[in-house]
Each structure stands twice: as structure tokens, then as C-alpha cells.
Amino acid sequence: MPDHGCGALGRVAHGALTAPRDSQDAPSGPRLFLGYNTLPEPPFPLAGFIEYDLDSRAAEHDLSAVLRLLAESLRAQPVPPEGTYDDGHRRNAAVMRVDAMVVVFSGRAFSPDRSPPARALWENMVEGYYREGDAAACTGAREALVGLGMDRSDGRVILLAERSPTGEHAAPERVGQDPAGVLCDLLGEVLDAQYRWTRAAFGL
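Residues numbered from 1 in each chain as written. Predicted model: local features only at pLDDT ≥ 70, side-chain atom pairs only at ≥ 80, totals over all residues. Heavy atoms only, no water.

**Comments concerning the pairing of strand 5 (residues 156–162)**
Here comes step 1: With 5 of 7 residues buried, strand 5 is to be regarded as a mostly interior element.
Here comes step 2: Here strand 4 (residues 142–151) pairs with strand 5 via 7 bridges, running antiparallel. Across the sheet, residue Leu 145 finds its bridge partner in strand 5, namely Ala 161.
Here comes step 3: Linking strand 4 to strand 5, which pair antiparallel, is a turn of 4 residues; within it Asp 154 sits at a positive phi near 70 degrees.
Here comes step 4: Here strand 5 pairs with strand 6 (residues 173–174) via 2 bridges, running antiparallel. Bridge pairing in strand 6 places Leu 159 opposite Arg 174. (Buried < 20%, exposed > 50% of the residue type's maximum accessible area, 1.4 Å probe, protein only. Helix = DSSP H or I, 4+ residues; strand = E, 2+ residues; numbered from the N terminus. Pairing = 2+ DSSP bridges.)

Listed below in C-alpha cells is the structure:
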């Protein structure tokens, strides 16, 4: 898969953004993916990803609230007593090292350089005057899937796949160079909590 200039993190984000759903009836809410071995250190050089099973009710809540609750839940998760896992389980945990996370969600794409309403929306956002629903009402905004990825070295990437009027999504494209904001911070907290729990549980 293409790496979008971000190495293994970019490949994992691309794969997560284009991963099919198991069912047409799957919830339309956010999807979370664990990225394995995206950083260069040993033990295993092959990066991969797997979907994290979010509660089906996640679609009913704001994405920032979902990530915040997940981070808190992982931090509160009790660590199994020593000896719970045998050597085989510990080896598997070491090989499947969680280095990254990607969250995929629906969004709106707009181009301030091509549309006066989009430019006005962007200026409002920069100045702190954005109101709920402004993006949805913006003339010229397009439906899109967004993939936000982070790794433990603070690598970040945002990919965007615009949706055509026929319902199909275009190939993902990288947006911006240094993503920042609340969702980045919260996704980083979830990743850190997951990594710490795994290390403590398996004695890595």
C-alpha cells in the first residue's frame, strides 16, 4: 500500500481507510484500528493492522467523547496477575507490538482556495467562530472519509477519501503535513494507554 510519505504509519492508515466492512449493516460510526510494528526497532519488521471492536453505541456519540472514554477505560483496566499468560502468549504480544492507531470517521471536505463560502468557513474556524453545523451547511463541501493516524514516536498523518455522488470513495490522499488538535491529542492518549497496559499485562 502507498505510504503517503509517512512510511509504515502511512501504509497502515491507507489500509485502515480502505478496509471493507464485514457487513453492509455495520454501524456508520467511527472505526478504530491498531497498527503493529510501524516503528523500526525489533522484534518484527512487518507492519500490519487490525480493527479494534468499538462498542456499537460509539456512533451515537461525538468522536472526541468516544476516544476520551476509551482512554479512561484502558487506564482503569486491571492488569492480570503475574503468571496469567504463558511464554507463548508473551511472545505473541511482543511480536504484535502496538505502535500506532488509526481512527476512521465521516467528515466534510472543503477547499478555501476554490470557494468563497469555504474560505469564509475556514476564516471563522481559525478565528474561533465556528458553530456546530457550519461545515455541513457550507456550499461546495463534499462528503469524505477521514483517516487520522498516530504512532508512539509522535508521527502523524491525515488521509482523506472524498465520496463521489455515486457513493464511491476516491483513493486516499494526504492532507497537510503536521496534524494537530483535540482528536490527535485524544488518539495519542488511547495509544499510550493501550501500549502501557499491554506491556504491564505481558511483562514486556
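Alright, that's what it looks like, and here's the rest.
**What to know about the pattern of salt bridges**
Here comes step 1: Summed over all chains, the structure comprises 7 salt bridges.
Here comes step 2: Among the ionic pairs, Arg 31 bridges to Glu 51, the shortest N-O distance being 2.9 Å. Here Glu 51 lies in strand 2 (residues 48–52) and Arg 31 lies in strand 1 (residues 31–36), a separation of 20 residues in the sequence.
Here comes step 3: With its nearest N and O atoms 3.1 Å apart, the salt bridge here joins Arg 163 to Glu 143. You can see Arg 163 sitting in the loop between strand 5 and strand 6 and its partner Glu 143 sitting in strand 4, a full 20 residues away along the chain. (Salt bridge = Lys/Arg side-chain N within 4 Å of Asp/Glu carboxyl O.)

**Let's talk about the packing of helix 2 (residues 63–76) against helix 6 (residues 182–202)**
Here comes step 1: Helix 6 packs onto helix 2 with a crossing angle of 20 degrees between their chain directions and a minimal axis gap of 9 Å. Taken together, helix 2 and helix 6 sit at an angle that is classed as roughly parallel. Classified by chirality, the crossing of helix 6 by helix 2 is left-handed. Residues Leu 63, Ser 64, Leu 67, Arg 68, Leu 70, Ala 71, Leu 74 and Arg 75 of helix 2 form the contact with helix 6, whose own contacting residues are Val 182, Leu 183, Leu 186, Leu 187, Glu 189, Val 190, Ala 193, Gln 194 and Trp 197. (Axes fitted to C-alpha atoms, helices over the stretch in contact; angles between N-to-C directions. Parallel < 35°, antiparallel > 145°, perpendicular 65-115°, else oblique. Left-handed = near helix turned anticlockwise from the far one by under 90°. Contact = heavy atoms within 4.5 Å.)

**Structural notes on a nonpolar patch on the surface**
Here comes step 1: A cluster of nonpolar side chains, namely Trp 122, Met 125, Val 126 and Tyr 130, defines an oily patch on the protein surface of about 400 Å² accessible area.
Here comes step 2: Looking at the element boundaries, Met 125 is found in helix 4 (residues 116–127). (Patch = residues over 30% accessible without salt bridge, like charges linked within 9 Å, V, L, I, M, F, W, Y side chains within 5 Å. Areas by Shrake-Rupley, 256 points an atom, 1.4 Å probe, with all protein chains shown as cover.)

**Side note on the packing of aromatic side chains**
Here comes step 1: By the definition in use, this model includes 2 aromatic pairs.
Here comes step 2: Here the aromatic rings of Phe 33 and Phe 49 are separated by 5.9 Å at their centres, their planes lie at 70 degrees, and the arrangement is edge-to-face. Linking Phe 33 in strand 1 with Phe 49 in strand 2, this pair joins segments that are 16 residues apart in sequence.
Here comes step 3: Judged by its relative accessible area of 2%, Phe 33 falls in the buried class.
Here comes step 4: Cation over ring: Arg 152 sits above Tyr 195, and NZ or CZ is 3.9 Å from the ring centre. (Phe/Tyr/Trp six-rings, centres within 6.5 Å; stacked < 30°, edge-to-face > 60°. Lys NZ or Arg CZ within 6 Å of the ring centre and 35° of its normal.)

**So, the confidence of the model for the protein**
Here comes step 1: Residues of the protein with pLDDT of at least 70 account for 88%, and the chain-wide mean is 83.
Here comes step 2: Mean pLDDT values over the elements of the protein span from 68, in helix 5 (residues 134–137), up to 94, in helix 1 (residues 7–18). (pLDDT = per-residue confidence, 0-100.)

**A short note on the sheet that holds strand 1**
Here comes step 1: Read from one edge of the open sheet, 6 strands run 2-1-3-4-5-6, paired in antiparallel fashion. With partners counted over all chains shown, the strands left at the sheet margins are strand 2 and strand 6, one partner each.
Here comes step 2: Taken strand by strand, helix 1 contacts strand 1, strand 2, strand 3 (98–109), strand 4 and strand 5, and its axis lies near 30 degrees from that of strand 5.

**Description of helix 2**
Here comes step 1: Its 14 residues give helix 2 an end-to-end C-alpha distance of 20 Å, which sits within 8% of 20 Å, the value for a rise of 1.5 Å per residue.
Here comes step 2: Listed as buried for helix 2 are Leu 63, Ser 64, Val 66, Leu 67, Leu 70, Ala 71 and Leu 74. The arc that holds every buried residue of helix 2, seen down its axis, measures 160 degrees, which confines them to one face. Seen from the open side of helix 2, the exposed residues pointing more than 90 degrees away from its buried face are Leu 69 and Ala 76.
Here comes step 3: Taken together, the buried residues of helix 2 touch strand 1, strand 2, strand 3 and helix 6. (Expected span 1.5 Å × (residues − 1). Arc of directions from axis to C-beta.)

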